[in-house]
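Chain by chain, the residues:
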2 protein chains.
Amino acid sequence: MTDQIPDIVIGRLPIYLRALRLLAQDENKITTSSHELGRRLGISSAQIRKDLSHFGEFGKQGTGYHINYLIEQLRQILHLSQEWDVALVGAGYLGHAIANYNGFQDRGFRIALLFDNDPDKIGQKTNNLVVQDVTELEETIQKHQTKMAIIVVPAQVAQGITDRLVKAGVQSILSYAPIYLIVPSHVRVSYSDPVIQMQQMAYYLTPQNT
Amino acid sequence: MTDQIPDIVIGRLPIYLRALRLLAQDENKITTSSHELGRRLGISSAQIRKDLSHFGEFGKQGTGYHINYLIEQLRQILHLSQEWDVALVGAGYLGHAIANYNGFQDRGFRIALLFDNDPDKIGQKTNNLVVQDVTELEETIQKHQTKMAIIVVPAQVAQGITDRLVKAGVQSILSYAPIYLIVPSHVRVSYSDPVIQMQQMAYYLTPQNT
């Protein structure tokens, strides 16, 4: 059954989860409704109810959703009841920012391995992670059975690193490299490129005389 | 006419632009085809031709696209012939990484202003940018007529900063804060949250016993 759920529905579940956690933790709320969630997310309440109905019946007419219960259910659906080890490749400015990002905590992930090819960086420590030599990538990832990776490397080497990660068993890659990556069908890649996002928005701005 | 072009089409243009630049700069290619572009982007050639046809006739049957010409056309369509000044709010690890990111160069943007509320950071310099006191946000942005901003602040203050940016005239915001932002209809927000992307991919992994 879960095989048939559209990617776009799966894509929204983490957004619901994030909003529910804010409601519970920052506002100490116990229950919420699809209307309240929708208002806070710019998503229609009907869409939220429809998305959640793929996985069961979580709310009650009149009382709405019990927030902590729905959080637990979403965590189970998204396989976040366990903490996933993540290999981070690239220890530049952005790599350091990611290694030190505290937003991974309690959200299902832990940066467990950090690689770079710069002799000056190898052996250095950041946030209790020792930068390892990228030549040890395959061996270390296989040993740790790491399934997820984040790559923060130049475009020119991103495909090569990706091929090595995939060969070592990685199945999910978040890439900050500004290039489309070719992977086998069992591997998922998600991209982050701030310039692409800025360029998409620039279209809607009125050009200025500079 | 341009008013009717779907957001999703606009969303793909920067991806075409990025691929074309790689072809021209890294591979010294002069021409390309919708097939070659499609192969490199995991997008069908028909989709690429259809997207571009919204804006005119850029390719020739048989010879394909002249890369530099198409790059120039896409830059004009996306309003990237000018360089947009960007205000960056938040000078933590990630803010520093963004301030020092060289991927903005030649792609239409320049981090022109940098703000933080930490007295230890205000007055410090990074990549030729002086960290300014966030209390001066509105005044400085109005003076510079800055239309774009990137916010790298905690969720708890993100809406407040957004409201102030909008009041000062900002119309496009790229947010790294893990929260949905409410803005007037003339303002666009784009989000970047690595955890959301990782959680979306975790769904497709087989849970492990840990």
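An account of the accompanying structure is given in this report. Keep in mind the model is a prediction, meaning the values are calculated, not measured. What you see as residue numbers is a count from 1 along each chain, following the sequence as written. All chains are assigned letters beginning with A, and all ligands numbers beginning with 1, in the order in which they are written. Note on the predicted model: pLDDT of at least 70 is required for a residue's local features to be given, and 80 or more for side-chain atom pairs to be given and counted; whole-chain, interface and lining totals, by contrast, use all residues. Side-chain measures here rest on the full set of heavy atoms in the structure, leaving out hydrogens and waters.

**Here's the deal with the pairing of strand β8 (residues 148-151) of chain A**
Residue and element names in this part refer to chain A.
Now for step 1: When accessible area is computed with a 1.4 Å probe and restricted to protein chains, residues below 20% of their type maximum are described as buried, those above 50% as exposed, and intermediate ones as partly exposed. In this description a helix means any DSSP run of H or I spanning at least four residues, a strand means any run of E spanning at least two, and both kinds are numbered starting from the N terminus. Alternating positions in β8 separate into two faces, Met148 and Ile150 on one and Ala149 and Ile151 on the other, with burial throughout.
Now for step 2: The sheet contact formed by strand β4 (residues 84-89) and β8 spans four bridges and is parallel. Following the sheet pairing, Val89 is matched in β8 by Ile151.
Now for step 3: Any two strands with at least two DSSP-identified bridges between them are counted as paired. By the bridge criterion, four bridges tie β8 to strand β9 (residues 172-175) in an arrangement that is parallel. By the bridge assignment, Ile151 is partnered in β9 with Ser175.

**Notes on the interface of chain A and chain B**
Now for step 1: Contacts: residue pairs with any heavy atoms within 4.5 Å of one another. The interface of chain A with chain B comprises 68 residues on the first partner and 68 residues on the second.
Now for step 2: For any pair of parts, buried area is found by adding up, for both, the accessible area (1.4 Å probe) each one loses once the two are put together. Interface of chain A and chain B: buried area, both sides summed, is about 6400 Å²; carbon and sulfur atoms make up 64% of it.
Now for step 3: Salt bridges are defined by distance alone: a side-chain nitrogen of Lys or Arg within 4 Å of a carboxyl oxygen of Asp or Glu. The salt bridge partner of Asp193(B) is Arg18(A), with a shortest N-O separation of 2.9 Å.
Now for step 4: When residues in the side of chain A that touches chain B are grouped by element, the largest group, nine residues, is from helix α8 (residues 194-202) of chain A.
Now for step 5: Under the scheme applied here, ten amino acids are nonpolar (Ala, Val, Leu, Ile, Met, Phe, Trp, Tyr, Cys and Pro), four are charged (Asp, Glu, Lys and Arg), and all others, including Gly, are polar. Considered class by class, the residues forming the side of chain A that touches chain B number 40 nonpolar, 20 polar and eight charged.

**Quick word on the pattern of salt bridges**
Now for step 1: This structure, assessed with the given rule, holds 18 salt bridges over all chains.
Now for step 2: Its salt-bridge partner being Arg188(A), residue Asp7(A) comes within 3.4 Å of it at the nearest N-O pair. Linking Asp7(A) in helix α1 (residues 7-25) with Arg188(A) in strand β10 (residues 188-191), this pair joins segments that are 181 residues apart in sequence.
Now for step 3: Look at Asp7(A) and you get partly exposed, because its relative accessible area is 45%.
Now for step 4: Overall, the relative accessible area of 30% leaves Arg188(A) in the partly exposed class.
Now for step 5: Notably, a salt bridge pairs Arg107(B) with Asp193(A), separated by 3.2 Å at the nearest N-O pair. Linking Arg107(B) in the loop between α5 (93-99) and β5 (109-116) with Asp193(A) in the loop between β10 and α8, this pair reaches from one chain into another.

**Some remarks on helix α2 (residues 34-41) of chain A**
Residues and elements named next belong to chain A.
Now for step 1: Of the positions making up α2, those classed as buried are Ser34, Glu36, Leu37, Gly38 and Leu41.
Now for step 2: Elements in contact with the buried residues of α2: α1, β1 (31-32), α3 (45-53) and β3 (64-66).
Now for step 3: Within two residues after α2, Gly42 carries a phi angle of roughly 65°, on the positive side.

**Thoughts on the packing of α1(A) against helix α8 (residues 194-202) of chain B**
Now for step 1: Axis definition: a line fitted to C-alpha atoms, limited for helices to the stretch in contact. Angles are taken between N-to-C directions and run from 0 to 180 degrees. In the contact formed by α1(A) and α8(B), the axes pass within 8 Å of each other and the chain directions differ by 130°. When the axis of α1(A) is compared with that of α8(B), the two are oblique. Relative to α8(B), the crossing made by α1(A) is right-handed. Note on element contacts: α8(B) touches α1(A) through Ile196(B), Gln199(B) and Gln200(B), opposite Ile10(A), Gly11(A), Pro14(A), Ile15(A), Leu17(A) and Arg18(A).
Now for step 2: The residue inventory of the contact of α1(A) with α8(B), partitioned by class, reads five nonpolar, three polar and one charged. Comment on the angle field: the value is read as roughly parallel under 35 degrees, roughly antiparallel over 145, roughly perpendicular from 65 to 115, and oblique elsewhere. Crossings are classed by handedness, with left-handed meaning an anticlockwise turn of the near helix from the far one by less than a right angle and right-handed meaning a clockwise turn.

**As for the sheet that holds strand β2 (residues 59-60) of chain B**
Now for step 1: One open sheet accounts for three strands, arranged β1-β3-β2 (chain B); its pairing is antiparallel. Edge positions in the open sheet fall to β1 (31-32) and β2 of chain B, since each of these has one partner strand only.

**Quick look at the relation of the copies chain A and chain B**
Now for step 1: We superpose the copies by least squares over the C-alpha atoms of residues that have a pLDDT of at least 70 in both of them. Mapping chain A onto chain B is achieved by rotating through 180° and translating by 0.0 Å along the same axis, at an RMSD of 0.0 Å. These values place the two chain copies in the arrangement generated by a two-fold rotation axis.
Now for step 2: Of the interface residues in chain A, 99% have counterparts in chain B that sit at the interface too, so the contact is made through matching surfaces.

**Points about the packing of helix α1 (residues 7-25) of chain B against helix α2 (residues 34-41) of chain B**
All names here are of chain B.
Now for step 1: Relative orientation of the contacting elements α1 and α2 amounts to 105°, with a least axis distance of 11 Å. Looking at the two axes, α1 sits roughly perpendicular to α2. Here α1 contributes Ile15, Tyr16, Ala19, Leu20 and Leu23 to the contact with α2, which in turn contributes Glu36, Leu37, Arg40 and Leu41.
Now for step 2: Counted by class, the contact of α1 with α2 contains seven nonpolar, no polar and two charged residues.

**Description of the sheet that holds β1(A)**
Residue and element names in this part refer to chain A.
Now for step 1: One open sheet holds the three strands; their spatial order is β1-β3-β2, and the pairing between them is antiparallel. Pairing within the sheet leaves two strands with one partner each, and these edge strands are β1 and β2 (59-60).
Now for step 2: In terms of strand pairing, β2 meets β3 through two bridges, oriented antiparallel. Pairing of Lys60 across the sheet is with Gly64, part of β3.

**Re unusual backbone geometry**
Residue and element names in this part refer to chain A.
Now for step 1: Not every positive phi belongs to a glycine, and His79 is a case in point at roughly 60°.
Now for step 2: Along the chain, the position of His79 falls in the loop between α4 (67-77) and β4.
Now for step 3: Phi is positive for Asn127, which is not a glycine, with a value near 50°.
Now for step 4: In this fold, Asn127 is placed in the loop between β6 (125-126) and β7 (129-133).

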